[in-house]
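Fold and geometry: a report
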Protein chains: 2
Amino acid sequence: MPNTIIDPPVLEPGTLRVIPIGGLGEIGRNMTCFEIDGKILIVDCGVLFPEEHQPGVDLILPDFTSIKDRLDDIVGVVLTHGHEDHIGAVPYLLKLRKDIPLIGSGLTLALIEAKLKEHRIVPYTLPVKEGQIEALGPFDLEFVAVNHSIPDALAVFIDTDAGTVLVTGDFKMDQLPLDGRLTDLRAFARLGEEGVDLFLVDSTNADVPGFTPLERSIGPVLDQVIAKSERRVIVASFSSHVHRVQQVLDAAHAHGRRVAFLGRSMVRNMGIAADLGYLNVPEGLLIDYKKAKDLPEDKIVYMSTGSQGEPMAVLSRMANLDHAIEPGPGDTVILASSLIPGNENAVYRVIDGLTKLGANVVHKGNAKVHVSGHAAAGELLYCYNILQPKNVLPVHGEYRHLVANQKLAIDSGVPAQNTFIGEDGIVIDLKDGVAKVVGQLDVGLVYVDGSTVGEITDADLKDRRILAEEGFISVIVVVDSKTGHIISGPEVHAKGFAEDDKVFADIKPKVAKALAEAAENGVRDTHALSQVIRRTVGRWVNTSFRRRPMIVPLVIEA
Amino acid sequence: MPNTIIDPPVLEPGTLRVIPIGGLGEIGRNMTCFEIDGKILIVDCGVLFPEEHQPGVDLILPDFTSIKDRLDDIVGVVLTHGHEDHIGAVPYLLKLRKDIPLIGSGLTLALIEAKLKEHRIVPYTLPVKEGQIEALGPFDLEFVAVNHSIPDALAVFIDTDAGTVLVTGDFKMDQLPLDGRLTDLRAFARLGEEGVDLFLVDSTNADVPGFTPLERSIGPVLDQVIAKSERRVIVASFSSHVHRVQQVLDAAHAHGRRVAFLGRSMVRNMGIAADLGYLNVPEGLLIDYKKAKDLPEDKIVYMSTGSQGEPMAVLSRMANLDHAIEPGPGDTVILASSLIPGNENAVYRVIDGLTKLGANVVHKGNAKVHVSGHAAAGELLYCYNILQPKNVLPVHGEYRHLVANQKLAIDSGVPAQNTFIGEDGIVIDLKDGVAKVVGQLDVGLVYVDGSTVGEITDADLKDRRILAEEGFISVIVVVDSKTGHIISGPEVHAKGFAEDDKVFADIKPKVAKALAEAAENGVRDTHALSQVIRRTVGRWVNTSFRRRPMIVPLVIEA
């Protein structure tokens, strides 16, 4: 059900146009463009990770089509926090224009700078803090502290001549956060009293009833598991989850264990977090994993990547005995992480592999070792009641999440007609507190595969899926261009089709016969002869095997 | 980590050999062989459904290698219940010997007979009931009622000269089952007192703490949702879950709605269940779905397949507006079903699609509309304590489930050395109450793809995965066999690689040059020339695009 494309009207001076080009109807590639009086402000620029029906795709980017001729009008990109789904596409945007200013908190900018370094880009940055006010062209910005599963996340309040917008970014409302940095409901209250004309609000957990448990509720569980462990402990989590890692460090420290970081992104991010003061590392706690081998087994905790079963990450490699650290009986592995839908089989394979090696595997299925980073329905209601926004656009979520969030807005008193459910590319104009949907852009999925961006199309993915399901059979013949007689072949090759090429003994004479008949009927065109091959082989393979491999006929004239 | 293959010793007379050839280390293709004094009894013969790393595979069968030369020694196949993972491979076994007797309850046999009809096989059957005792060669069998997510499930007690075995099949211990048919703990107690030498026990939920809720707890939820629905109600569940469907019928009936079954297997299975008296259908309740359109929208419940997001099933087709019934605003869709790991993305796509059409979607994530069919840890402990088996072999589970079940056995007092964790093909001999692991067979995955069985190999699947991730590039040249000079080509074709063949303009002269150089150096062999092409194209594509498509070079001599 593709959206009907509706060209928005020319933007009048003094009207604010809001276009979320990513993150609506999907969890990822969050990016929203705000335009007024010829200037564009972008909030977030993230990637989406592919699903199983997008094989071979590394990343999916937001579609920059609507801004790529407007690059010089962009006054800056506000990054609400340092997760990939909010910053991951920045390198691809900066490849279009290197000096677009990046605005964000200290940790967020440090993480994007590290990522840009890999792309050999040194960005132009403007670090900001909660409470800070900055003007970027026609946009007056105020940054508000929010709590999330990464430190230093910010919401952004955008004040323009046409009205005001509050963008939460990802957030939750942990009331006893580890770092004491609460989602600033006092600021929300003040902004609400001043008037929020449009509220863009995180929907990820809008269909989860109640409240997200406290991050600090995990600490005692980690402590208890580590206390009971007689040999090595390996903890896997997201490499940006500083507070989760902090709790692991604290539990290790309490039990006289040292900690070694494993995995490139874990080492890098925790280095950044410690340098900037977000991670508090007791003196002498850390040890290089190569040296950790010399410690007694009950004196070490490995803090690792790979909690989603990613095949090349440390935890999977450990489970496959393809890593210097080989788990064994008596070892404890803790997956202190969520289980992202689609990753279940991969994660369970890792758990089974580790269990088979004798390790005791603790995960969110059997212990309370994970809480979400997103506000559940109960928290969102607090938010709506404190803010009392005039208009609401649920963002960051698949369709059902957006609808659940809309319902919460309506339940809390926002008039239904002032709540908007949209998909990527929806165009909302705001003026004098009135928000209206005025268009729908044609926004596509931009696939990154290797070093190519946007070259792989949905048609290629369809071919890949057919190849995956059925393999292919290629049939090559060399024919005399004048007589149409076969000079060489048919040669038949197949991949992913059958173990044994003997099955093709059957079909070669059939192809030869069909081509001879076609030649007799005067068919010379190689395309027409290819179709003869395709039909002959297709019919045979369907009748004989009830299968439909891709058939690749090749007729060469000589 | 493949198991070390250990040939078991020759089986001595009077010793019972137990070989589970499927269902250990996996959820599915359950099948166990019992042999004594030259005769073989089989319990269950199911299929396993493929995961995403097995693209294009329809089904996975148990490996019949160890019995295919012993077919005449098989005295029968006991089918514990009618689920696919316990009966689905029977047609493939009967293709090897048609008159192997099938033993099972009324519903189980009716379901397998319907399936065999599609394969044009009329089986030789022996219907049995709980409490019934049958002798099959050297095996004295007693059937015991167990409760599961399909009616008429049986455990089987196997009494031989070498000792006794109790096989639970899939079961749970719902203490208020809808049909009043309890898992027969009195029989378990009696058999336990007589002595169970080896206990093969369902592990599916062994790592779930506590107790599975009552099936009847779902009824009031369904009732409430249907009561509140103002327009059409569509319920999706498994097509064999008679009691779940019964509760839907009852709730529909209570609210003056009629019910139409949707989906081939739903119509077929519920027909069988009603005919045999397992499903109680109030007079005049059912209506053909084509006629249901004429009813007022608040007078109908559709009972459908597709609860796992299967793309060709009714619910997915509805979500894609590819079905005669098109859900819309005000309609309610209930997924009264589990979410099998690996299906999450597909199921959420369906939920999002239905939500987008305006339907209110109720599922186990937001309402208590599903309970499991398997005994959780608390129930398994009851079982162990009532039975007090001498030896325990956890079955039906992935590795972590088997280990969790073993722990429960040990906690309840079974000596650790009498509990066995094995994988498919483990060989356990039993004599005089002593069970020992004596071997490990080489048991493979047998893939069904279309009408082919066992032809697709793991190497083919690896090729398919490469094709899926990267696509392929084929390069064809026709060379003069004497000079090695190119007569025609190189022609380059690709699938799943890039939208535009223009990218290959670059590589054709490179290939031509590399081949000319090889020819100059006297290379004539087509295989060697193919390698030249593979290297040249492989290096180019890796350097230019950072990708690794399958490269299929073809050198034809003319």
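Residues numbered from 1 in each chain as written. Chains lettered and ligands numbered in written order. Predicted model: local features only at pLDDT ≥ 70, side-chain atom pairs only at ≥ 80, totals over all residues. Heavy atoms only, no water.

Heads up, the condition is: UniProt positions are given in the numbering used here, feature names are shortened, and annotations may be inferred rather than shown by experiment.
Chain A is annotated in an unreviewed UniProt entry as Ribonuclease J of Plantibacter flavus. In its Sequence similarities (unreviewed entry) section, UniProt records this for chain A: "Belongs to the metallo-beta-lactamase superfamily. RNA-metabolizing metallo-beta-lactamase-like family. Bacterial RNase J subfamily." UniProt lists a comment for chain A under the heading Subunit (unreviewed entry), and it reads "Homodimer, may be a subunit of the RNA degradosome."

**Remarks on the overall build of chain A**
So the rule is basically this: Runs of E in the DSSP output that reach at least two residues are strands. Runs of H or I that reach at least four are helices, and both are numbered from the N terminus. Think of it in three bands: with a 1.4 Å probe and only protein chains considered, a residue is buried below 20% of the maximum accessible area for its type, exposed above 50%, and partly exposed in between. Two residues form a contact once any of their heavy atoms are found within 4.5 Å. Two residue types count as positive, namely Lys and Arg, and two as negative, namely Asp and Glu; His and chain ends fall outside the count. The atoms used to mark charge sites are NZ of Lys, CZ of Arg, CG of Asp and CD of Glu.
Per the secondary structure count, chain A includes 15 helices and 25 strands. Each principal axis of the C-alpha atoms in chain A carries an extent, and together these give about 85 × 70 × 45 Å. Each of the 558 residues in chain A was classed as buried or not, and the buried ones make up 59%. Counting only contacts in chain A whose residues sit at least 6 apart along the sequence, the fraction spanning at least 24 positions is 71%. Charge separation in chain A, taken as the distance between the mean sites of 55 positive and 75 negative side-chain charges, equals 6 Å.

**A few points about the relation of the copies chain B and chain A**
We count it as follows: Our superposition of the copies is a least-squares fit, built on the C-alpha atoms of residues whose pLDDT is at least 70 in both.
Each copy superposes on the other: chain B lies on chain A with an RMSD of 0.1 Å after a rotation of 180° and an axial shift of 0.0 Å. The symmetry that links the two subunits is that of a two-fold axis. If distances are taken from each C-alpha of chain B to the rotation axis, the shortest is found for Ala468(B), at 2.4 Å. A symmetric contact is evident, with 100% of the interface residues of chain B recurring at the interface of chain A.

**Overview of the sheet that holds strand E13 (residues 233–236) of chain A**
Sheets are built from strands that pair by backbone hydrogen bonding, the pairs being arranged parallel or antiparallel. Residues and elements named next belong to chain A. Put simply, the test is: In this analysis, strands are considered paired if DSSP registers two or more bridges between them. All axes are obtained by fitting lines to C-alpha atoms, using only the stretch in contact for helices, and the reported angles, taken between N-to-C directions, cover 0 to 180 degrees.
Overall, parallel pairing links the five strands, which are arranged E14-E15-E13-E16-E17 in an open sheet. The two strands at the open ends of the sheet, each matched to only one other strand, are strand E14 (258–262) and strand E17 (360–363). Strand-to-strand twist in this sheet, taken as the mean axis angle between neighbours without regard to direction, amounts to 20°. Where E13 lies against strand E16 (residues 332–335), four bridges are found, and the strand directions are parallel. Bridge pairing links Ala236 to Leu335 in E16. Contacting E13, strand E15 (300–304), E16 and E17, helix H5 (residues 218–228) crosses the sheet at an angle of about 165° to E16. Here helix H10 (residues 344–356) sits on the sheet in contact with E16 and E17, set at roughly 150° to E17.

**Observations concerning the packing of aromatic side chains**
Residues and elements named next belong to chain A. Rules: Classification of ring pairs uses Phe, Tyr and Trp, with its six-membered ring standing for Trp, and accepts pairs whose centres are within 6.5 Å; under 30 degrees between planes counts as stacked, over 60 as edge-to-face, and the remaining range as tilted.
Considering all chains together, one arrives at 13 aromatic pairs over all chains under this definition. With centroids separated by 5.7 Å and ring planes inclined at 90°, the aromatic side chains of Phe497 and Phe545 adopt a geometry described as edge-to-face. Here Phe497, found in the loop between strand E24 (486–495) and helix H14 (507–520), pairs with Phe545, found in helix H15 (residues 526–545); they are 48 residues apart in sequence, far enough to count as distant. Taken as a pair, Phe497 and Phe545 share a single burial class, namely buried. Between Trp540 and Phe545, the aromatic rings sit 5.4 Å apart at their centres with planes inclined by 85°, giving edge-to-face as the arrangement. Through a chain of ring-to-ring contacts, the aromatic side chains of Phe497, Phe504, Trp540 and Phe545 assemble into a single cluster.

**Thoughts on the interface of chain B and chain A**
The cut-off we apply is this: Salt bridges are identified by distance alone: a Lys or Arg side-chain nitrogen within 4 Å of an Asp or Glu carboxyl oxygen. A 3.5 Å cut-off defines polar contacts: any pair of N or O atoms within that distance qualifies, except that in protein one atom must be a possible hydrogen donor and the other a possible acceptor, and neighbouring residues in sequence count only when both atoms are side-chain atoms. Three classes are used: nonpolar for Ala, Val, Leu, Ile, Met, Phe, Trp, Tyr, Cys and Pro, charged for Asp, Glu, Lys and Arg, and polar for all others, with Gly counted as polar.
Tallying the contact residues gives 61 residues for chain B and 61 residues for chain A. Applying the counting criterion to the chain B and chain A interface returns 10 salt bridges. Across the salt bridge formed by Glu423(A) and Lys356(B), the nearest N and O atoms sit 2.6 Å from each other. In this structure, the connection of chain B to chain A is made through 24 residue pairs in polar contact (both at pLDDT 80 or more). Elements with a minimum of two residues in the side of chain B that touches chain A: helix H10 (344–356), helix H12 (399–411), helix H13 (458–470), strand E23 (472–479), strand E24 (486–495), helix H15 (526–545) and strand E25 (550–557) of chain B. Counting residues per element, the side of chain B that touches chain A draws most heavily on H10(B), at nine residues. Its residues assigned to classes, the side of chain B that touches chain A shows 23 nonpolar, 16 polar and 22 charged.

**Re the side chain of Gln246(B)**
Residue and element names in this part refer to chain B. Within the secondary structure, Gln246 is located in helix H6 (residues 242–254). Within polar-contact distance, the side chain of Gln246 engages the backbone nitrogen of Asn280 at 2.7 Å. In contact with Gln246, other than residues within four places in its own chain, are Tyr278, Leu279 and Asn280.

**Some remarks on the sheet that holds strand E15 (residues 300–304) of chain B**
Residue and element names in this part refer to chain B. Read across the open sheet, the five strands follow the order E14-E15-E13-E16-E17; overall the sheet is parallel. Among the strands making up the open sheet, the edge pair consists of strand E14 (258–262) and strand E17 (360–363). Each strand of the sheet is rotated relative to its neighbour by a mean of 20°, with strand direction disregarded. Pairing of strand E13 (residues 233–236) with E15 involves four bridges; the strand directions are parallel. Within E15, the position partnered with Ile234 by the bridge is Tyr302. Here helix H5 (residues 218–228) sits on the sheet and contacts E13, E15, strand E16 (332–335) and E17; the angle it forms with E16, its principal contact strand, is near 165°. Across the sheet, helix H7 (residues 264–275) is in contact with E14 and E15; its angle to E14 comes to roughly 120°.

**So, the environment of Val448(A)**
In this fold, Val448(A) is placed in strand E21 (residues 446–449). In contact with Val448(A), other than residues within four places in its own chain, are Val57(A), Asp58(A), Leu59(A), Leu61(A), Tyr92(A) and Val453(A).

**Observations regarding a negative patch on the surface**
Threshold: Put simply, a patch holds well-exposed residues, over 30% relative accessible area, that have no salt bridge, with like charges counted together within 9 Å and Val, Leu, Ile, Met, Phe, Trp or Tyr side chains within 5 Å. Values of accessible area rely on a 1.4 Å probe in the Shrake-Rupley scheme; residue burial ignores everything except the protein chains shown.
Taken together, Asp37(A), Asp140(A), Asp159(A) and Asp161(A) make up a surface patch of like negative charges. The residue Asp159(A) is located in strand E10 (residues 153–160) in this model.

**Describing helix H14 (residues 507–520) of chain B**
Helical periodicity: at 3.6 residues per turn, an α-helix aligns residues three or four positions apart in one direction. Residue and element names in this part refer to chain B. For clarity, the threshold we go by: The span one expects for a helix is its residue count, reduced by one, times 1.5 Å. Taking the helix axis as origin, the arc is that swept by the directions to the C-beta atoms.
Its 14 residues give H14 an end-to-end C-alpha distance of 20 Å, which sits within 8% of 20 Å, the value for a rise of 1.5 Å per residue. Looking at H14, one finds that the buried residues are Ile507, Val511, Ala514, Leu515, Ala518 and Ala519. Viewed along the axis of H14, the buried residues span an arc of 140°, placing them on a single side of the element. Along H14, the residues that are exposed and aim more than 90 degrees away from the buried face are Lys513 and Glu520. Among the structural elements, E23, E24 and H15 are those in contact with the buried residues of H14. Following H14 by one or two positions, Gly522 has its phi on the positive side, about 85°.

**A few points about the environment of Gln388(B)**
Residues and elements named next belong to chain B. Looking at where Gln388 falls in the secondary structure, it is placed in the loop between helix H11 (377–387) and strand E18 (391–395). Accessibility expressed as a relative area gives 62% for Gln388, which makes it exposed. Along the backbone, Gln388 and Asp72 are 316 residues apart, and their C-alpha atoms lie at a distance of 36 Å. A polar contact of 3.2 Å, which involves the side chain of Gln388, links it to the backbone oxygen of Asn385.

**A word on the UniProt feature "active site" (unreviewed entry) in chain A**
All names here are of chain A. Annotation from UniProt places "active site" (unreviewed entry) at Asp202 and His374. A stretch of 173 residues holds the annotated residues, and the largest C-alpha distance among them is 7.6 Å, short enough that they meet in one place. Once residues lying within four places of it in the same chain are set aside, the contact partners of Asp202 are Thr168, Gly169, Asp170, Phe171, His374, Leu380, Val395, His396 and Asn405. A polar contact is formed between the side chain of Asp202 and the side chain of Thr204, at a distance of 2.7 Å. Structurally, His374 can be placed in the loop between E17 and helix H11 (377–387). Leaving out residues up to four positions away in the same chain, His374 has contacts with His148, Asp170, Phe171, Lys172, Asp202, Thr204, Asn205, Thr212 and Glu379. Of the polar contacts made by the side chain of His374, one reaches the side chain of Asp202; its length is 2.7 Å.

**A few points about H13(B)**
Residue and element names in this part refer to chain B. In this model, H13 (13 residues) spans 18 Å end to end at C-alpha, consistent with the 18 Å of a helix rising 1.5 Å per residue. Those residues of H13 lying buried are Asp460, Leu461, Asp463, Arg464, Leu467, Ala468 and Glu470. Gly471, located one to two residues past H13, shows a positive phi value of around 70°.

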